[in-house]
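Residues per chain, in single letters:
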Amino acid sequence: MAIDAHAAQPAPWRKRLAAVFSGQVIRKSIIAAVLVGSLLILLNQGDLLFSGQITGRVIIKSLITPLIPFCVTMLGAFLNSGSSTRPEDLRPGWAAVRRSLIIAAIVGSVIIIVNQGDLIISGNISPLTRFKIGITPCVPFCVSLYGAYLAYRNALASQPPA
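Owing to the predicted nature of the structure, the values given are computational and were not obtained by experimental measurement. (Residues numbered from 1 in each chain as written. Predicted model: local features only at pLDDT ≥ 70, side-chain atom pairs only at ≥ 80, totals over all residues. Heavy atoms only, no water.)

For the protein, the count of helices and strands is eight helices and zero strands. Seen in sequence order, the protein has helices and strands lined up from the N terminus as α-α-α-α-α-α-α-α. Out of the 162 residues belonging to the protein, those deemed buried represent 33%. Restricting to contacts in the protein with at least 6 residues of sequence separation, those with at least 24 account for 82%. Of the accessible surface of the protein, which amounts to about 9900 Å², a share of 70% is contributed by carbon and sulfur atoms. (Helix = DSSP H or I, 4+ residues; strand = E, 2+ residues; numbered from the N terminus. Buried < 20%, exposed > 50% of the residue type's maximum accessible area, 1.4 Å probe, protein only. Contact = heavy atoms within 4.5 Å. Areas by Shrake-Rupley, 256 points an atom, 1.4 Å probe, with all protein chains shown as cover.)

Following this line, the structure appears as structure tokens:
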């Protein structure tokens, strides 16, 4: 009998996906994608856009860039949604910070490679490029932590009133 009750419940990862792909989390992730994506475009491609050096490569990088904060927000919400039924257990804490640091290292490295990889390979690293490389991982860290907060807020909102 216990096997049938367990089989009737969705898998924990399905519950997490359902929570993350709720309308509220997706809307907030889109807002993060627009705001943070615009910030990343200005940070990484702004000097080229403002100087009029707009190439196909700059346009492609600028169009792809907002996908990064969207995906990182969704990933942060998924990783921090957990299987707990109590919203208090989902409150972002040190575990969320640790996950966000890991995401920042991985995603920040990808962003750096995409946007400054050609300059790094050529050895043409200016102080502005060093600044861009240094600040880039901060963006996925903040966005991932924001995703963890969204998962927590979504759990609070879906909790029946007491």
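And the narrative resumes.
This paragraph deals with the nonpolar core. Counting eight residues, the largest nonpolar core is built from Val36, Leu40, Val72, Ile103, Val107, Ile111, Val139 and Val143. Listed by contribution, the elements that provide at least two residues to this core are helix 3 (23–51), helix 6 (94–122) and helix 8 (138–158). Per-element accounting of this core gives the leading share, three residues, to helix 6. Other than its neighbours up to four places away in sequence, Val143 contacts Val36, Pro69, Val72 and Thr73. With five residues, the next largest nonpolar core counts Val20, Val25, Ala77 and Ala151 among its residues. (Core = buried A, V, L, I, M, F, W, Y, C linked by side-chain atoms within 4.5 Å.)

What follows covers the pattern of salt bridges. Opposite charge on two side chains lets them pair, provided their charged atoms get close. Evaluated as defined, the whole model comprises two salt bridges. We note a salt bridge from Asp118 to Arg57, for which the minimum N-O separation is 3.5 Å. Residue Asp118 is located in helix 6, and its partner Arg57 is located in helix 4 (residues 56–64); the two are separated by 61 residues in the primary sequence. (Salt bridge = Lys/Arg side-chain N within 4 Å of Asp/Glu carboxyl O.)

This part is about the confidence of the model for the protein. With 85% of its residues at a pLDDT of 70 or more, the protein shows a mean pLDDT of 79. Looking over the protein, one finds the lowest element-wise mean pLDDT in helix 1 (residues 2–8), namely 47, and the highest in helix 7 (residues 127–135), namely 88. (pLDDT = per-residue confidence, 0-100.)

Our next topic: the packing of helix 6 against helix 7. Between helix 6 and helix 7, the shortest axis-to-axis distance is 11 Å and the interhelical angle comes to 150°. The orientation of helix 6 with respect to helix 7, classified from their angle, is roughly antiparallel. In this structure, helix 6 meets helix 7 at a crossing whose hand is left-handed. Of helix 7, the residues touching helix 6 (which contributes Ile112, Gln116, Leu119 and Ile120) are Thr129, Lys132 and Ile133. The class makeup of the residues in the contact of helix 6 with helix 7 is four nonpolar, two polar and one charged. (Axes fitted to C-alpha atoms, helices over the stretch in contact; angles between N-to-C directions. Parallel < 35°, antiparallel > 145°, perpendicular 65-115°, else oblique. Left-handed = near helix turned anticlockwise from the far one by under 90°. Nonpolar A, V, L, I, M, F, W, Y, C, P; charged D, E, K, R; others polar.)

In this fold, Ile41 is placed in helix 3. C-alpha of Ile41 to C-alpha of Val58: the two residues are 17 residues apart in sequence and 9.5 Å apart in space.

Moving on, we come to a nonpolar patch on the surface. A cluster of nonpolar side chains, Leu49, Ile54, Ile59 and Leu63, forms an exposed patch at the surface whose accessible area comes to about 370 Å². Inspection of the secondary structure puts Ile54 in the loop between helix 3 and helix 4. (Patch = residues over 30% accessible without salt bridge, like charges linked within 9 Å, V, L, I, M, F, W, Y side chains within 5 Å.)

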